[in-house]
Every structure is written in C-alpha cells, then in structure tokens.
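# Remarks on the overall topology
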Amino acid sequence: IKEQLYNQTHALTENMRKRGGGIKDISLNEVHLKDHSVWKLNVSFLTGDSMGANFINTCLEKMASSLLEIPQLLDSFKDEELTVIMAILSNYVPECIVEASVSCPVNALRPIAGNLSASEFAEKFKLAVDISRQDVSRAVTHNKGIMNGIDAVVLATGNDFRAIEAGIHAYAAKDGTYRGLSEAVIENNIFTYKLTVPLSIGTVGGLTSLHKLAAESLHILGNPDAEELMQITAAAGLANNFSAVKALTTSGIQAGHMKMHLTNILLSLNASPDEIKTAKKYFNTDTISFSKVSDYLTKLRANH
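A few points on the structure. The model shown is predicted, which means the values in this text are computed figures rather than measured ones.

### Some thoughts on the overall build of the protein chain
Along the backbone of the protein chain there are 13 helices and 5 strands. A globule of 304 residues ought to have a C-alpha radius of gyration of about 19 Å, yet the protein chain, at 26 Å, is considerably larger. Taken along the three principal axes of its C-alpha coordinates, the protein chain extends 90 × 45 × 40 Å. Taken across its 304 residues, the protein chain has 35% of its residues classed as buried. Of the contacts formed within the protein chain by residues at least 6 apart in sequence, a portion of 64% connects residues at least 24 apart. Of the roughly 18000 Å² of accessible surface on the protein chain, 53% is carried by carbon and sulfur atoms. Computed over 28 positive and 32 negative side-chain charges, the inter-centroid distance for the protein chain is 10 Å.

Given below as structure tokens:
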C-alpha cells in the first residue's frame, strides 16, 4: 500500500518536492510490547533547509486517516479492529549525522597544558574523555558540556533545543549504554578530537523566519543553509566540550566558573564599575565565594 500512502500525501508534499525534499521511504516495523505487538509505519523525510516538524506531522496524520480507508488493509484485519494509536514525528535522527573534528601536533598543546608537559596533557585529556565513554555518571556531565555549545546556537537561531537534546541523548545510548559523544585520539604524535552528533535543524520556516533575533543570529553566521548550520552547531559543541575537559585536567573547573560568577556576585552587591575592576584584580589570585566577596567590598568601602 506504499503507493496509496504516497498518493494520499501528494498535494501536501508538492512544495517540499519542488525544493528537493519530500518523503524518502516508508517501512513497516513491529514493536513488541509486554502484552501484545503493534505495528509502526516508519516514514523517512527529507526537509531541505526546514526543520519540517509541522510538515512531517501533517503528512503523518493524513496517512493515519488514509489507513482506515484502504480496502486491502481492512480486509486483512477483518476479524479484528484496526486502530491507529498515534501519528507523530520522531526527534531521533540517526541518519542525520554531523561530525566536527580538530587536530594538531601534540607539542602545539603546550600553551594550554598548565603545569603539565604537552604529552602529559594530551594523555590526561584522552584519559578523561575515555572515562566518559565508559562511565555513565561522567558521560552525562561530559555531554552536558557539549550541549552548552549546541543549545546556544540552536536557541539563538530559533530552533527547537528540547528536540535536539532528546535526540542527541538518545544517540549517546544507541549501543545500549549511555556514553560520552566525543572521542580523543593520539596517533603519530598528532592529537585529534572529534564529536559525532545527530542534528536536525532548519534555517527557514518557524521562528527562524519570524523572530528578529533568530534572523539576526543567522545573519551574523553568514546566512548558512541548514547543512552549514548543523556544522557550525557541532563545532560549537566540540569547542565548549574541549574547554571544559581542558579545565578539568589542568586548573579544575571551579577556577573558571567562579571567575565568571564573580561579576554576578559583585552586581548583586551593587558594586560600582570601579569596585568591580578592583575586586576582579584582587580575586585574580584568591578563592571566590559570596561571603569573601561581600567582606572584601565592606572593607573596601570602609577604607574609602
């Protein structure tokens, strides 16, 4: 009944087909539940530069209603009731994969290696990444660092960050165990870091066209098409993840976090621009906490 389903959605897919997209394939899969089985029509779409959620759902709902009107299907179910449970897109897109990678000679890592040699840093960094590939409790936070970069781009461009998050985390567990999504390799004195993620995002339609900030973000990025935006997004995820693992394996994560937090603390204490400048200089070599910053400001103001 494939052709009948294609025909039922022909009018809906016309514009998408003109842009090189549309329905790629329809397959049938059995889903085994505890008490019985259900059948799933798995429909693959190509949506071009659009994320295509509304387009996909409209097509699927049309197919769902059409199923109940196809004579040969009804005949095969004549002794039992044919019921459509639901029609909805999936945010799991394992065929829409993006890989970002960066490589350099191990010696080139020396400026960011802290108190370690370049080779010590590379090996320690790789070990930290390998841990995220095997230990779930580390993998979750490791991947959260990746999503810090990915979500920022997805949000800025008016795309659906919850859909992206759900799909990426499902992909991280595709082997039956939740794993870190990035990999580090050291071969022939070359350090390589790469990230592989599924991404389905758009540059036309939805908020990307209507929201002024989303349009401005796309303009800043050079008005990329969907494929280019996926590449940019993955690269942002890799960069954020790299900086986090670099901090963890050298100075520790809190040094950077608390430096960023210092400005927030100072603003909450109504510090002036001059006080902020002086406090940042003072806490450059000291541990930061709310109470210490508050005490410092009190003494600073008393002296003045």
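Still more to cover.
### Points about the environment of I26
Looking at the secondary structure, you find I26 in strand β1 (residues 22–32). Separated by 239 residues in sequence, I26 and I265 place their C-alpha atoms 56 Å apart. Once residues lying within four places of it in the same chain are set aside, the contact partners of I26 are K2, L5, Y6, L41, N42, V43 and M63.

### Some details on the sheet that holds strand β4 (residues 182–187)
Think of a sheet as strands paired side by side through backbone hydrogen bonds, with each pair either parallel or antiparallel. Reading across the sheet, the 3 strands line up as β3-β5-β4 and stay open at both edges, with antiparallel pairing between neighbours. Both outer strands of the open sheet, β3 (97–105) and β4, are each paired with one neighbouring strand and no more. Strand-to-strand twist across the sheet, computed as the mean angle between neighbouring axes with direction ignored, equals 15°. Contacting β3 and β5 (190–198), helix α7 (residues 161–172) crosses the sheet at an angle of about 120° to β5. Strand contacts of helix α10 (residues 226–248): β3, β4 and β5, with the helix running at about 125° to β5, the strand carrying the most contacts.

### Some details on the pairing of β5
As judged from the 9 bridges shared by β3 and β5, these two strands associate in the antiparallel manner. Counterpart to E99 in the pairing with β5 is T196. In this sheet, β5 lies alongside β4 in antiparallel orientation, the contact comprising 6 bridges. Bridging from a neighbouring strand, V185 pairs with T192 of β5.

### Digging into the nonpolar core
Core analysis: the largest hydrophobic core is formed by 37 residues, its most contacted members being I150 and L199. Going through the elements one at a time, β3, α5 (118–134), α6 (136–156), α7, β5 and α10 are the ones with two or more residues in this core. In terms of residue count, the dominant contributor to this core is α10 (7 residues). In contact with I150, other than residues within four places in its own chain, are I164, I168, V197, L199, T233 and G237.

Thresholds, definitions, all that
- Residues numbered from 1 in each chain as written.
- Predicted model: local features only at pLDDT ≥ 70, side-chain atom pairs only at ≥ 80, totals over all residues.
- Heavy atoms only, no water.
- Helix = DSSP H or I, 4+ residues; strand = E, 2+ residues; numbered from the N terminus.
- Rg over C-alpha atoms; globule rule 2.2 N^0.38 Å.
- Buried < 20%, exposed > 50% of the residue type's maximum accessible area, 1.4 Å probe, protein only.
- Contact = heavy atoms within 4.5 Å.
- Areas by Shrake-Rupley, 256 points an atom, 1.4 Å probe, with all protein chains shown as cover.
- Lys, Arg positive; Asp, Glu negative; His and termini not counted.
- Charge placed at Lys NZ, Arg CZ, Asp CG, Glu CD.
- Pairing = 2+ DSSP bridges.
- Axes fitted to C-alpha atoms, helices over the stretch in contact; angles between N-to-C directions.
- Core = buried A, V, L, I, M, F, W, Y, C linked by side-chain atoms within 4.5 Å.

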